[in-house]
Structures are given as C-alpha cells and as structure tokens.
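# Residue-level structure breakdown
If you want the building blocks of each chain, they are given just below.
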Amino acid sequence: MPEPIVHFDSVTYTYPGTDSPALSGISLDIMPGEYVGVIGLNGAGKTTLGLSLNGVVPTMLSGRREGRVIVGGLAVEEYPVREMAKIVGMVFDNPEFQMSQMTCAEEVALGLESAGVDFETMRRSVTEALNLVGLQGFEERSPLALSGGQQQRLAIAAVLAMKPQVLVMDEPTSNLDPIGKREVFAMAATLNQDYGMTVIVIEHEVEVLAEHADRIIVMDGGRIVLNGGSAEIFSRVEELQELGLRVPEATSLAHLLGQKGHWKAKTPINSAEAVRAVNEMLKVGA
Amino acid sequence: MSMHTAMPTSLIPGTSIIHRIHPVTKILWVVVYVILAFTTQNVIILYGMAVFAILMALLGGVFRPLLKAAYLIVPIGSSLISLQVLAPAVEQPWTPIAEVGFVTLYGDGLYFALVLLGRIVSSMLLSLVMVMTTHPSDLFLAFSKLKIPFTFNFMLAMTLQLIPVFQREVTLVLSAQKSRGMKGSGFSAVLPSFIPVFVGAVERVQQLSISLESRGFGSSGNKTSYRQVVARIQDWIYGVGGVTVMIGLMVYSILQPVWWNLSDIIFFSPQTVLVAFSVSVTVFTSVILGALYISFRKT
Amino acid sequence: MSRRAKHGFPAQIETDLAIKVEGAHYVYPNGKVIALSEVNLEVKQGELLGVIGQNGSGKTTLTKLLNRLLQPSAGAVYVNGLLTTDRTVQEMSAHIGYVFQNPNHQLFARTVKDELEFGPRNIGTSEDDIAQRVAEAVDFFGLGEYIDEHPYRVSFPIRKLVGIASVITMKPSIIILDEPSTGQDHQTTRVINSLMRRLAEDGTTVICVSHDMPLLADVVERVIVMRNAEIVADATPREVFADSELMLTTNLQAPQITNIALKTVYPLGGPIALTPQELAADIELRLRKGKY
C-alpha cells in the first residue's frame, strides 16, 4: 500500500497570544495524486490546516503545536519553510499580495535563485512553468499589470518552478472574477489529472469542488468533522446545513425532493448527474 | 479589484549602445560625475559634463524623455540665480555690479549661481540618462554585485514597486471616507485615513513574507540570479576611462589654480547681470504662482 | 460656474426615479481607455438591482459615477433628481451610500462603535438618532460582542459586516454594495441576503455588484449585465440567466440550479428556476400530476 503523502497525527495548534486552539486533534491521511477539498465556516481552522502543511505553522508564526505533521516523508517542523517549499507549494487568496518582482520571469525564478540553481536550468524551469499555466511569453511583463486570474496563475507558476509534489490553495478564487475563477480551477484540475499532483483546495465554491475533488474534508471549530469521498460527504445535506455550510445546488435539489420521497436515484453532486436523474423521473412520471 | 497598477519602470526600452552598457559601469559613471561636479568650480567643465550627458541621451534615444524629466531645472535655476545675485554664497568682499532701487546686485553671485546650477544639471542629467537606459532589475543586480547587502537591496526594490500601489491605496481610502461624508481636505482631517493604508501595508507585507518563504525564497545562502549581465571589454574601458578622465580633470584643476575657479577671469557686465536677474526673478515668481494656482484649483 | 454652462444639464430635475443616467460616458484621464460608453439607466425607488460582468467591463466605473467618486466625461447622472456633476462626493453621500469591497479601506476609528457613528455624524444626524441607528445595526448584524473592539482586531468577515453597517447607519435612500459576499462563508452570505431584502422592504434602493450568481438569483428583481463598457442586457434574473448566448459572450455562468432547470423542466414549459426550492416544487407538481 502506498504511503500517504500527507499525514497528520493528533495535531493541536494554538496561535500565540490566543487561548482556544485553532486546530484540535487533527488526524488525517492524504494519498499521492488525490484532489482534496477542504470546506468549513470562516474560523474553522482551514487556513491553519493549510499553513501546517508547509510549516508556516508553527515555524514562521510560532505558537504551541502538539502532534506530528509528515509531508512527503518529512516531519514538517524539523525543516525551515523554504526547504519544505520543494515538496509543498502554497497559493493564497490575494493574488496581488503574492507579487514582489519587476517581471513575471523573476517572480517565478525567486525560489530557484535562492536555491542556487544554475542559470541555464533556471531559464528552462521558468519557461516551462509559465507555459504550464498558460502564461507563455509573459516573461518580461510586470506582474502588477496582470489581471487577477493571471496573477494567481503566475503565483501557481512560481510555486511549480520548485517542482513540489503537493499544491495547496487557500481560497484562491475569492478575489477573482468568473473568468479568473475558471482559469484557476481548470489549472488545478490539469495539474491533478495530467500531472498527478496532489492538490488540496480550501474553498467555499462547493459546486466546483464537487466537480473535481476526490475527497472532501469538513472542518468546524478546529476539528475535522467529516472526511470522505465527495459524493458521500455532499449527500449528507442535513449535517452540512447544520454546520452552516452550502451543498451544491444539484444536491440540494435532490435532498428537497428526497424528503418528499421523490428521489430514488443516487445523490447527484453535479449538474449532469442531476439533469439525467430529473429527466428520468419526469419521463416515468409523465 | 484588479485595477491594473503598472510598475514604475523609469526605463525607456531600447537597444542602443548606452542601453547595453553594464549597469555597474553606469553606476560608476554616476558616482564619478557627482564627485567631479561637486568638487570643481569650473563652469566650462560643469557645462561640458552636461553637454556630454545630453550626447549620451541622444545616443541612447532618450533625449525627449530626458527633456521632460529635466523640467525641474527651470525653477531650480531661476531661484538659484535670483537668490545668489542678491546674496552670493562666497566669501566677502562682494563686487557690486548694479543697483535696482534699494537692492544691490553682485557679479560674483551670478558666477556662483551658474556653478551651483551646473553641478545640479550635470549630475541630474547623467543620472536620468543612466536610469532611463537601465532596467530596474539590472540596477538592483548591479547593487548586489557591488556587495550592497541583499536585504537592503531587496527592500529598495520592493519600495520602488509599491509606490504606485500605495498611491492607489491612498486614493481608495480617501474615496471611501468621502463617500461617508468626511469633510475637509485639510491635512488633519485626512490623517486618520492613513491608518487603513498603513494597516493594508502591514497585511500585505505579512502575506508576502509567508508567500515568499513558501516559494523557497531566503535571504541567506548562495544565490544565483535570473537576470544576467555580462561584463564586456567595452564596459571595462568605459568604466576605467571615466574614472581616469575624472581624476585627470581634478588633478589638472588643482595644478593649474587659474582653471579651478574661473570667477577671476570671467567678468559679467552689469547689463548681463541685470538681465539675468530680472529674467530669473520673473521665471521663478511665475513658477511659484502657477504651482499655487494649480493646487488651489484642484480643490 | 462655466462648467454648468458648458454641459447644459440642469442641476436638478423633477423625478421620482432614484437614479437616472443619461448618455454617461467616461474616459480615463490618460485619454486612451473608454471605461463607460454612453450608458443609459433608470432605477426606480426601492428597486433591488444586480450588476454583473467581468472585471473591466465598466461595473465599477458605473457605480463610481453614481456616488460621484467620478464625474462623467460626457452625459449626466442624476441621483434623487440631483445632478452629480458640480456637486461633491460628501454632498451626495447623504443620498447614496457606497460599501467598498475591502472594508479595510473604510475602517480607521478606535472602536467598532465609533466606526458606526462616523457616517451619520458627518451628515448631521441628531445624536439620539445616531444612537438608535447604531443599536439597530448592532442588533441586525450581530455585532454586540464587538462594539468596543478595535476594527482591526476583529476577523475579516466581521470587519466586512462592520463596513456595511457603517454605511447603513447613514440611512441613505440608495445603497451600493460592491462585492458584499466575496470571501464570505455561507452563513455570512445569508446575513447579507436578508440584509438586502430588509433594505428593499424598507424602501431603500439597493444596487449590488457581485460575481455571486446564486446570491443575486435569490434576491434581486433586475439584473444589468455589462461588457466592454456597455450595458448589454437589462432584464429579470430569469431572462438573463436563461440567455445562454449572453452568458457565453459575457463569460458568465448562471447558477447551477438554473442550468439544471433549463435542461429539464424549462423545455416542458416549466420555470427558469433560480433556487433549488423553486425547481423542487415544480418537479414535485409534475410528478403528482403524472400520477393521476
């Protein structure tokens, strides 16, 4: 059996200067190549979970941490964050706050420069990364002149240049318009499906997660309350609603009809499944 | 909100011979210029340097932008001349040249004003040409090659990029407060609005530092560079040449005292001084009035 | 003074429209980009209007013309019958409130309470009224435990609510919400949803710029779609979301449930459902009819 690429063992973490833990007894395993969605209300601990994967928590932000986090076989707290960057890449919610250089190429090359990579290899990696995210030819452009979606893709390219095995995205589309959202989600799907990258996406956009994620982790009050396959988790409509969360509208529809005893098919989590099931039902009924 | 904030690249893109000079050479030239300008009082050398800078601008294809950027010379020059003619910043005795009502004009003042102006003009023009023909990233690369500490360099680069961003943020914050009926464009009313900008800056820097670390960026250790500049023979020649010429001129000036300060040779006739003074005062006053008018019209 | 003579628009008009935009045109100061191209718009008092479109389509420019943060390069904008040109933002703020997308741009007071009192005080509301409005806002948004906190010490979602509340206490007759639900979770979005309904019930005209289609679908009666500096559609949410060509050319997407309805009950004469409840009810009806 393959080793999990992410392993949390009873992790509890409290931010410095606060009393209640942001993470409580978190235990979870993520397998290589999985696409995992993390949902939960604001303050549930999703961001803290994400930051624990590359060591920002606790190494950069200090605070009390119990338990172990092992990513790519390494105990996260034993390495500086920039070492972990070679295994785990992180993209954050504000695209502009991740920009720091004069040109896109330099933005992507930042990590490589620090790692002392030779010039030829660096040039190649930069071009590859930019091509991968659909920003070919953008080398000399200024990052601040890009659209939000492009900036976010640039951030992804910068992360990819380090060739990590895991990509973590913390609400990557909340500041983007519909085009931007679509670009970023498509990127994540490509990286996962075509390149076998383990992708962990923290989001509120449940419809998209239902479409792409293999697994959903639901957090509440610093704990993991649900953890399972997307279809299974999203069909637990009442539990999710009690937690104050949304389910995909397709699932909500099935749930409402199911309550009156009308829904016989499997619970749909995307549009196509719902359409098929409804049309079947209407044919029989009519 | 993705309002496209452009980077403040002062660079005028091009591939001229000036553009291709190594950035370290260019920095060296600026240093050479400034040292020479501020140690000589020879107007021929000073204005010669200015002319040379203009020649470089022409070679680099940045003459027009240079003219636009150098507009400051007008208020600076006119104020210098006006004030120096009235009260020269040289040792007494002063040579009175003319009298206008109760005001005495001094000839030494005109010479010295030209010296001061020459210093500013030559340094400014050359610095502008160098900056306009160099990509900011290459400049920062040059700084790091000159062993300027990495952290300082990085902070300088970040500040440069963040200027337009903060301009935008300040505008946004002021808009938000005006939309809530905040009155008064006086400074004290506006000041509390800077808190959001400050907080925004802090949040931004926090987020950025986490993002940079997460991408493997570190401030220590052996670094390579994405931007490459190759030092060619020409760059060495230009660099060494520039330093040699400067030292030569300084040495020559010292050995030939009469060349150091031409104020004993060059005499301005009273009419010249009078004309120079009146023109300068007129120009200076109109610049001040114009500036005041514009700033009041905006409110 | 000479400006008024130049543009020829009366400073005030008799109208019961909340907003009247006549041929508004806006070009950026550098003269190169047309941000808004001769736009016409009429909004009645008490309407609940959604504005959608990609970034750069002109949405923000339009809303900034409405609250006078910008002045049209040509054309006129009337808010409550008053021409915005030649008036100040502060003057207009008594009529039209603007909630910025990023609350950080607004908040600067020492406590949340001060923040809520700032706006109404600026426009000369009586202290008694201010106290009452603040109490109402605190109650509605659930800000009780945060009143004495520094605005920057509360979490971002709460800050966003404070930002909205601090404009609500000014009780403008028209309010613009710029992306109120971005970055918010479902619970907070529901609060915003009920806020918008409450405002509409009270007779406030609400203009909501948003990418959150499900939110708009549930709440607004009218949607304006913008693209390339123009209004390309102005209709009910149903009409807009059902227009698949419009959605395609503007790169927008209807809510998932609407797409489902369009492929199932709509061809059979059913509604263009905007919520799961609506579609479920229709399907149920059909199934019942089918059984008899």
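Residues numbered from 1 in each chain as written. Chains lettered and ligands numbered in written order. Predicted model: local features only at pLDDT ≥ 70, side-chain atom pairs only at ≥ 80, totals over all residues.

## Let's talk about the domain arrangement of chain B
In many analyses, interface size is given as the accessible surface area lost on bringing the parts together. All names here are of chain B. Per the domain assignment, the segments making up chain B are domain 1 (15-148 + 230-299) and domain 2 (149-220). Residue-level contacts link six residues of domain 1 with seven residues of domain 2. Classifying every residue of the side of domain 1 that touches domain 2 gives four nonpolar, two polar and no charged. (Domains from an automatic or database assignment. Contact = placed C-beta atoms within 7 Å. Nonpolar A, V, L, I, M, F, W, Y, C, P; charged D, E, K, R; others polar.)

## Quick notes on the interface of chain A and chain B
Listed per partner, the contact involves 38 residues of chain A and 29 residues of chain B. Secondary-structure elements contributing two or more residues to the side of chain A that touches chain B are helix H2 (56-60), helix H3 (81-84), strand E6 (88-91), helix H4 (104-114), helix H5 (119-132) and helix H6 (148-160) of chain A. At seven residues, the largest contribution of residues to the side of chain A that touches chain B is made by H4 of chain A. Its residues assigned to classes, the side of chain A that touches chain B shows 21 nonpolar, twelve polar and five charged. (Helix = DSSP H or I, 4+ residues; strand = E, 2+ residues; numbered from the N terminus.)

## A short note on the sheet that holds strand E5 (residues 74-75) of chain A
Residue and element names in this part refer to chain A. The four strands lie next to each other as E2-E1-E4-E5, forming an open sheet whose pairing is antiparallel. Strand pairing shows two members of the sheet lacking a second neighbour, strand E2 (23-30) and E5, which therefore form its edges. Bridge count for strand E1 (residues 6-14) against E2 is five bridges, and the pairing is antiparallel. Bridge assignment links histidine 7 to a residue of E2, and that residue is aspartate 29. (Pairing = 2+ DSSP bridges.)

## Quick word on helix H2 (residues 59-66) of chain C
All names here are of chain C. With eight of its eight residues buried, H2 lies for the most part within the structure. Every buried residue of H2 is accounted for by Lys59, Thr60, Thr61, Leu62, Thr63, Lys64, Leu65 and Leu66. Phi turns positive, to about 75°, at arginine 68, one or two residues after H2. (Buried ≥ 20, exposed ≤ 12 C-beta atoms within 10 Å, placed from the backbone.)

## Re the sheet that holds strand E4 (residues 74-79) of chain C
Residues and elements named next belong to chain C. An order of E2-E1-E4-E5 is seen for the four strands of this open sheet, with the pairing classed as antiparallel. The open sheet has two edge strands with one neighbour each: strand E2 (34-44) and strand E5 (82-83). The pairing of strand E1 (residues 17-27) with E2 spans seven bridges and is classified as antiparallel. Pairing of leucine 17 across the sheet is with lysine 44, part of E2. Sheet contacts for H2: E1, E2 and E4; angle to E2, the most-contacted strand, approximately 60°. (Axes fitted to C-alpha atoms, helices over the stretch in contact; angles between N-to-C directions.)

## A closer look at the pairing of strand E10 (residues 230-235) of chain C
As defined by bridge partners, strand E9 (residues 222-227) of chain C adjoins E10 of chain C across five bridges and the pair is classed as antiparallel. Residue pairing across strands places methionine 226 of chain C opposite isoleucine 231 of chain C, the latter belonging to E10 of chain C.

## As for the pairing of strand E6 (residues 96-99) of chain C
Along any regular strand, the residues point their side chains to alternate faces of the sheet. Residue and element names in this part refer to chain C. The alternating pattern of E6 places Ile96 and Tyr98 and Gly97 and Val99 on opposite faces, both of which are buried. Pairing between E6 and strand E7 (residues 174-178): four bridges, direction parallel. From the neighbouring strand, tyrosine 98 faces E7, where its bridge partner is isoleucine 176.

## Concerning the interface of chain A and chain C
In this assembly, 35 residues from chain A lie in contact with 31 residues from chain C. Those elements that place two or more of their residues in the side of chain A that touches chain C are helix H7 (178-195), helix H11 (249-259) and helix H12 (271-285) of chain A. Broken down by element, the side of chain A that touches chain C gets its largest block of residues, eight residues, from H12 of chain A. Each residue belonging to the side of chain A that touches chain C can be placed in one class, and the counts come to 15 nonpolar, 13 polar and seven charged.

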